[in-house]
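# Notes for the structure review
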Amino acid sequence: MISLNGSSFLNNSLTVVSKSLSHSQQRRVQYPVLVAAVSSNGRSGERNVTLLMENTLKEMRDGSASVEVEPKSTVGGGVEDVYGEDQATEDQPVTPWTVSVASGYSLLRDPHHNKGLAFSEKERDAHFLRGLLPPVVVSHNLQVKKMMHNLRQYQVPLQKYMAMMDLQEMNERLFYKLLIDNVEELLPVVYTPTVGEACQKYGSIFRRPQGLFISLKEKGRILEVLKNWPQRKIQVIVVTDGERILGLGDLGCQGMGIPVGKLSLYTALGGIRPSACLPITIDVGTNNENLLNDEFYIGLRQRRATGQEYAEFMQEFMTAVKQNYGEKVLIQFEDFANHNAFDLLSKYGTSHLVFNDDIQGTASVVLAGLISALKLVGGTLAEHSFLFLGAGEAGTGIAELIALEMSKQTGAPIEESRKKIWLVDSKGLIVSSRMESLQHFKKPWAHEHEPVKELVDAVKAIKPTVLIGSSGAGRTFTKEVIEAMTSFNEKPIVLALSNPTSQSECTAEEAYKWSQGRAIFASGSPFGPVDYNGKVYLSGQANNAYIFPGFGLGLIISGAIRVHDDMLLAASEALAAEVTQENFDKGLIYPPFTNIRKISAHIAAKVAAKAYELGLATRLPQPENLIAYAESCMYSPNYRSYR
């Protein structure tokens, strides 16, 4: 390393930087204090220049404007186009900027810019990659083909999950192209059901951090911790405290797999730029004795904080997020326990852009499935009756959205619509005689009826046309329950929503077999085709991934500042509209995932339109064609050429 002092070298270095920046957009670059150094291998000036901008770096990290970009510069979803990648078309070259221009060995270790064997001959010369790669140059598509071949060699789903996570840390664009091009095959790998096992074993398989871990140790310093994250332009945060991971219970700090997985889908399915996504785990301890005694556990070894301590910690977190990232950052709560989930959504719904996928996302995707199913069974929502097994976040969230849609269709008060919906919890049917002992979120569903303890007795008493499971308790839709549903319904609608697969209320095979092939079935986790009496039945998956990526994209492209229930209804209706007659003929009430990015764009457009209609949008003027605008904002995983 040869250190060079002097104005001539400094000016030349600044010229190099300015030229690189001007390709993407006109910018003003300021260097208050600059220390310049250059590496030389005997060919002076031919090696990459590294600028060690001590004070500048500090100011950039603190958010001061060392690099100023024109306000109209945006990337997919509205993030400022810091590197000029989205201002250029895909056939135009861009500069692989990190703090300095990435080149050589560091470029191969940068997942944002690494292309592996797909670097062209010209790029290998320009960025000092000769000798660091084998001589062959391969296409992006061939890389995808090779990775899929390798993944299919693994027999254990967790091995596939780990291979995908390794790829994400090595080559970001290849990871997302692989996922987008093979979404139906890989969705169960990067998310449910495999992510559940990954969270259970997260301490053992942990290799490198993929998000922010904010624990009670950081109380009073959360804003400082947020500033440690290298990206400043964050649009979506998925946060969990790990207390209720899927149907697996309290996994504490190891719940990080959920935010990481969700945000992978935000990018792959909804087109949100990876650099605009931030996974966060709030670690306030765990009550899981196995984890507390596990030598490989990576979280705080203490009982969970509750009450005022918990509330104050979350208040500091929410305040710091808004202060650091602004009012329009979407905060998605994920897998919080019931008591905290409802409280957080209620408390911050009026002051932050917050969304709870377990309550609102699940409700929206299930409502979409029901709207579709009505085309197979006939009638309106108000003409059907609903029985839920499970009265937690998902159950009550779904029930409320169904009631809202009923009221919208009929004009009846929501209190009247709720009377068509019944819920069963661990103590039996929720009825008015239990009112005093019920949690507040269950009280709207306490109707006049004699107490009923068992689910099968509730089915026989209520005679619902729709049975929905959100209990997290596997195999609770027994043969007797399904047969009872079939006895008074020509086509009973059965939705077994609990995840992962082991916690599903029944399997697809059980639903079709016990209903003599008459059930309209969908589940939370995927099931394969079922052959019954010589006919093949395909079951849909009521996967939240249909809704939340497009929903989030709609909020972002409109610059929404709050989430409104009407946006959820709009998302449900948009998803239901994507189910074709061909899908119905196969017994499906959801469209195939192969078209998910197109579906997400349509959902985003409907959500954005509702945001503008409600006066909650800030990105003005409203685009004339919201679908086309949504598609234009979506992140593309295709490789860019480097100058």
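Within each chain, residue numbers correspond to sequence positions counted from 1 in written order. Two thresholds apply to this predicted model, a pLDDT of at least 70 for residue-level local features and 80 or more for giving and counting side-chain atom pairs, whereas whole-chain, interface and lining totals are computed over all residues. To get the side-chain values, all heavy atoms of the structure are used, and hydrogens and water are removed first.

## Considerations on the overall build of the protein chain
Broken down by element type, the protein chain carries 26 helices and 19 strands. Three exposure classes are used, based on accessible area relative to the maximum for each residue type with a 1.4 Å probe and protein chains only: buried under 20%, partly exposed in between, and exposed over 50%. The buried share among the 643 residues of the protein chain stands at 57%. Residue pairs in contact within the protein chain that sit at least 24 positions apart in sequence constitute 71% of those at least 6 positions apart. Secondary structure elements follow DSSP: runs of H or I of four or more residues count as helices, runs of E of two or more count as strands, with numbering from the N terminus. Residues are treated as being in contact if the distance between any of their heavy atoms lies within 4.5 Å.

## What about the pairing of strand 9 (residues 330-333)?
Of the two faces of strand 9, the one holding Leu-330 and Gln-332 and the one holding Ile-331 and Phe-333 are both buried throughout. Should DSSP find at least two bridges between two strands, the strands are regarded as paired. Alignment of strand 7 (residues 236-240) against strand 9, held across four bridges, turns out to be parallel. Bridge pairing in strand 9 links Val-236 to Leu-330. With three bridges joining them, strand 9 and strand 10 (residues 354-356) adopt parallel strand pairing.

## Brief notes about the side chain of Ser-558
Considering the arrangement of structural elements, one finds Ser-558 in helix 22 (residues 548-558). We classify Ser-558 as buried; its relative accessible area is 0%. Within polar-contact distance, the side chain of Ser-558 engages the backbone oxygen of Leu-555 at 3.2 Å. Ignoring sequence-local partners within four residues, the contact set of Ser-558 consists of Ala-608, Ala-611, Tyr-612, Ala-617, Thr-618 and Arg-619. Between N or O atoms, a polar contact is any pair within 3.5 Å; within protein, one atom must be a potential hydrogen donor and the other a potential acceptor, and residues adjacent in sequence are included only when both atoms are from side chains.

## Thoughts on the sheet that holds strand 7
One open sheet holds the five strands; their spatial order is 6-8-7-9-10, and the pairing between them is parallel. With partners counted over all chains shown, the strands left at the sheet margins are strand 6 (212-215) and strand 10, one partner each. Neighbour-to-neighbour, the strand axes of the sheet open up by a mean angle of 25°, direction not taken into account. Sitting on the sheet, helix 12 (residues 257-270) touches strand 7, strand 8 (277-283), strand 9 and strand 10, and the angle it makes with strand 8 is about 165°. To define axes, lines are fitted to C-alpha atoms, for helices over the stretch in contact only, and angles between the resulting N-to-C directions are given on a 0 to 180 degree scale. Relative to the sheet, helix 15 (residues 338-348) contacts strand 9 and strand 10, its axis offset from that of strand 10 by approximately 155°.

## Re the packing of helix 7 (residues 172-181) against helix 8 (residues 183-190)
As a packed pair, helix 7 and helix 8 sit with axes 6 Å apart at the nearest point and diverge in direction by 120°. Within the contact between the two elements, helix 7 uses Phe-175, Leu-178, Leu-179, Ile-180 and Asp-181 and helix 8 uses Val-183, Leu-186, Leu-187 and Val-190.

## As for the packing of aromatic side chains
In this scheme Phe, Tyr and Trp rings, the latter by its six-membered ring, pair at centre separations within 6.5 Å, and the angle between planes marks the pair as stacked below 30 degrees, edge-to-face above 60, and tilted otherwise. Scanning all chains against the criterion turns up 15 aromatic pairs. Residues Tyr-202 and Phe-206 carry aromatic rings whose centres are separated by 6.1 Å and whose planes lie at 50° to one another, so their mutual orientation is tilted. Taking relative accessible area as the criterion, Tyr-202 reaches 3% and is therefore assigned buried. Among the aromatic residues, those joined into a cluster by ring pairs are Tyr-512, Phe-521, Phe-527, Tyr-532 and Tyr-537. For the cation-ring pair, Lys-115 lies above Tyr-642, with the distance from its terminal atom to the ring centre recorded as 4.7 Å. Whether a charge sits over a ring depends on NZ of Lys or CZ of Arg being within 6 Å of the ring centre and within 35 degrees of the ring normal. Over the ring of Trp-445 we find Arg-418, and its NZ or CZ is 5.7 Å from the ring centre.

## Thoughts on helix 22
Counting buried positions along helix 22 gives 11 out of 11 residues, so the element sits mostly inside the fold. Buried within helix 22 are the following residues: Phe-548, Pro-549, Gly-550, Phe-551, Gly-552, Leu-553, Gly-554, Leu-555, Ile-556, Ile-557 and Ser-558.

## Quick word on the pattern of salt bridges
By definition, a salt bridge exists where a carboxyl oxygen of Asp or Glu is found within 4 Å of a side-chain nitrogen of Lys or Arg. Inspection of the entire model under this criterion finds 29 salt bridges. The residue Asp-335 makes a salt bridge to Arg-244 at a minimum N-O spacing of 3.3 Å. Pair noted here: Asp-335 is in the loop between strand 9 and helix 15 and Arg-244 is in the loop between strand 7 and helix 12, with a separation of 91 residues, a long-range link. For Asp-335, a relative accessible area of 2% translates into the label buried. Residue Arg-244 is classed as partly exposed on the basis of its relative accessible area of 25%. Here Lys-442 ties to Asp-425 by a salt bridge, and the two come within 3.1 Å at their closest N and O atoms. In this pair, Lys-442 sits in the loop between strand 13 (428-429) and helix 19 (455-462) while Asp-425 sits in strand 12 (residues 421-425), placing the two residues 17 residues apart along the sequence. When sorted by exposure, Lys-442 lands in the same class as Asp-425, which is buried. Here the salt bridges do not stand alone but share partners, grouping Arg-244, Asp-335, Asp-358 and Glu-393 into one network.

## As for the sheet that holds strand 13
Overall, mixed pairing links the seven strands, which are arranged 13-12-11-14-15-16-19 in an open sheet. Lying at the two open borders of the sheet, with one neighbouring strand each, are strand 13 and strand 19 (540-541). As defined by bridge partners, strand 11 (residues 386-389) adjoins strand 12 across four bridges and the pair is classed as parallel. Bridged to Leu-387 within strand 12 is Trp-422.

## Things to note about the packing of helix 12 against helix 22
With their axes 8 Å apart at the nearest point, helix 12 and helix 22 run at an angle of 75° to one another. The angle between helix 12 and helix 22 falls in the class roughly perpendicular. Of the residues in helix 22, those touching helix 12 at Lys-262, Leu-265, Tyr-266, Leu-269 and Gly-270 are Phe-548, Pro-549, Gly-552 and Leu-553. Here the residues of the contact of helix 12 with helix 22 sort into six nonpolar, two polar and one charged. Any angle that is under 35 degrees is reported as roughly parallel, and any over 145 degrees as roughly antiparallel; angles of 65 to 115 degrees are reported as roughly perpendicular and all others as oblique. Each residue is assigned to one class: nonpolar for Ala, Val, Leu, Ile, Met, Phe, Trp, Tyr, Cys and Pro, charged for Asp, Glu, Lys and Arg, and polar for all the others, Gly among them.

## Brief notes about unusual backbone geometry
Of note, the bond from Asn-499 into Pro-500 is cis; its omega dihedral lies within 30 degrees of zero at -10°. Tracing the sequence through the fold places Pro-500 in the loop between strand 15 (493-496) and helix 21 (508-514). With a phi angle near 55°, Lys-463 is a residue other than glycine that sits in the positive phi range. In this structure, Lys-463 sits in the loop between helix 19 and strand 14 (466-469).

## Things to note about the UniProt feature "binding site: a divalent metal cation" (unreviewed entry) in the protein chain
In the numbering used here, UniProt assigns the "binding site: a divalent metal cation" (unreviewed entry) feature to Glu-334, Asp-335 and Asp-358. Across 25 residues in sequence, these annotated residues keep their C-alpha atoms within 6.8 Å of one another, forming a single compact spot. Position of Glu-334 among the secondary structure elements: in the loop between strand 9 and helix 15. Accessibility expressed as a relative area gives 1% for Glu-334, which makes it buried. With residues near it in sequence (within four places) discarded, Glu-334 still touches Tyr-191, Val-238, Val-239, Thr-240, Asp-241, Ile-258, Lys-262, Asp-357 and Asp-358. Here the side chain of Glu-334 touches Lys-262 through a polar contact of 3.4 Å, side chain to side chain. Excluding residues that lie within four positions of it along the chain, Asp-335 makes contacts with Thr-240, Asp-241, Gly-242, Glu-243, Arg-244, Ile-245, Leu-246, Ile-258 and Asp-358. Of note is the side chain of Asp-335, whose polar atom sits 3.3 Å from the backbone nitrogen of Leu-246. UniProt positions are given in the numbering used here, feature names are shortened, and annotations may be inferred rather than shown by experiment.

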